[in-house]
Amino acid sequence: MINEKLQAAFNDQINKELYSEYLYLAMKIFFVENDLTGFVNWFDVQVQEEHAHAMGMFDYLGERGGSVKLEAIDKPVFNGKTPVEIFEEVLKHEEYVTSRINALLDVAEETKDRAAIIFLNWYLKEQVEEEASVGGVLAKLKLIGDDKKALLMLDKDLATRVFNPPVIG
Ligand code: OFO
């Protein structure tokens, strides 16, 4: 049986993963409206990944005899009006999520739940990959600047991203 404090922290993170899914869905709209279909694909994959992250914790709580409590998902908020600005916000958001996974690990350590620590290590590794992948797109966007041809080449590249359902834990 999972400790109550840890269960609450997991539930909070499930909400944050679902918020991430919602945020990326909202960001996708900008790229749909600007006909950047490769970026749209990138966000489609991102949305699916965030959903998988939420469901990984959802299922884990069930396995541990815990209870999932779903709360309201906040309205997605971002201010970016260009691809660079939006990806700056994606990176900031991923860094925030990394800090929340670390906070969740702190609770798992405090409650001496070694199984949860092992489970959460997967999420920490995933955050390292996410920050690197988002940082990579952002760096390219900064290099591209106002070069529309180069932006279309990056768009073509992002069209190849594929969602591979993660094996979590
Ligand atoms: Fe769930 O990894 Fe991004 O936020």
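Now for a quick tour of the structure. Note that the coordinates shown come from a computational prediction; the quantities given were computed from them, not determined experimentally.

Focus on the overall build of the protein chain
Counting secondary structure elements, the protein chain contains five helices and zero strands. When the elements of the protein chain are put in sequence order from the N terminus, they spell out α-α-α-α-α. In terms of overall size, the protein chain behaves like a compact globule, its C-alpha atoms giving a radius of gyration of 17 Å where 169 residues would be expected to give roughly 15 Å. Overall size of the protein chain, expressed as C-alpha extent along the three principal axes, is 55 × 25 × 25 Å. Counting every position in the protein chain, which comprises 169 residues, the buried fraction comes to 46%. As displayed, the protein chain offers around 9,300 Å² of accessible surface, 56% of which is attributable to carbon and sulfur atoms. Both charge centroids of the protein chain, one from 18 positive and one from 30 negative side chains, sit 2 Å from each other.

Quick notes on the pattern of salt bridges
Between side chains of opposite charge, a pair can form when the charged atoms approach closely. Taken as a whole, this structure holds six salt bridges when the rule is applied. For the salt bridge of E110 with K5, the shortest nitrogen-to-oxygen distance reads 2.5 Å. Taken together, the residues E110 in helix α3 (residues 83-110) and K5 in helix α1 (residues 4-33) connect sequence positions 105 residues apart. The partner of K16 in a salt bridge is D12, with the nearest N and O atoms 3.0 Å apart. With a gap of four residues between them, K16 and D12 both fall in helix α1, about one helical turn apart. Residue K16 is classed as buried on the basis of its relative accessible area, which comes to 17%.

Considerations on the packing of helix α2 (residues 37-63) against helix α5 (residues 148-158)
Closest axis-to-axis distance for the α2/α5 pair is 7 Å, and the angle between their directions is 40°. Taken together, α2 and α5 sit at an angle that is classed as oblique. The way α2 lies across α5 gives a crossing that is left-handed. Where α2 abuts α5, its residues T37, G38, F39, N41 and W42 lie against L151, L154, D155 and L158. Class assignment for the residues of the contact of α2 with α5 results in five nonpolar, three polar and one charged.

Things to note about helix α4 (residues 114-144)
Taking 1.5 Å of rise per residue, 31 residues should cover 45 Å, and α4 covers 46 Å from first to last C-alpha, within 8% of that figure. Following α4 by one or two positions, G145 adopts a phi angle in the positive range, close to 55°.

Things to note about unusual backbone geometry
A positive phi is found at D35, a non-glycine position, where the angle reads about 55°. Tracing the backbone shows D35 in the loop between α1 and α2. For D35, a relative accessible area of 63% puts it in the exposed group.

What to know about the side chain of E130
Residue placement: E130 occurs in helix α4. Not counting chain neighbours up to four residues away, the residues in contact with E130 comprise Q46, E49, E50, H53 and E94.

Regarding the nonpolar core
F31, F39, W42, F43, F87, V90 and V137 are the most contacted members of the largest nonpolar core, which totals 24 residues. Contributing elements (two or more residues each) for this core: α1, α2, α3, α4 and α5. With six residues, α1 is the largest single contributor of residues to this core. Among all residues touching F87, those that are not within four sequence positions of it are F31, F39, W42, F43, V134, V137, L138 and L141. Core analysis: the second largest hydrophobic core is formed by 22 residues, I2, F10, Y60 and F119 among them.

Parameters and conventions
Residues numbered from 1 in each chain as written. Predicted model: local features only at pLDDT ≥ 70, side-chain atom pairs only at ≥ 80, totals over all residues. Heavy atoms only, no water. Helix = DSSP H or I, 4+ residues; strand = E, 2+ residues; numbered from the N terminus. Rg over C-alpha atoms; globule rule 2.2 N^0.38 Å. Buried < 20%, exposed > 50% of the residue type's maximum accessible area, 1.4 Å probe, protein only. Areas by Shrake-Rupley, 256 points an atom, 1.4 Å probe, with all protein chains shown as cover. Lys, Arg positive; Asp, Glu negative; His and termini not counted. Charge placed at Lys NZ, Arg CZ, Asp CG, Glu CD. Salt bridge = Lys/Arg side-chain N within 4 Å of Asp/Glu carboxyl O. Axes fitted to C-alpha atoms, helices over the stretch in contact; angles between N-to-C directions. Parallel < 35°, antiparallel > 145°, perpendicular 65-115°, else oblique. Left-handed = near helix turned anticlockwise from the far one by under 90°. Contact = heavy atoms within 4.5 Å. Nonpolar A, V, L, I, M, F, W, Y, C, P; charged D, E, K, R; others polar. Expected span 1.5 Å × (residues − 1). Core = buried A, V, L, I, M, F, W, Y, C linked by side-chain atoms within 4.5 Å.

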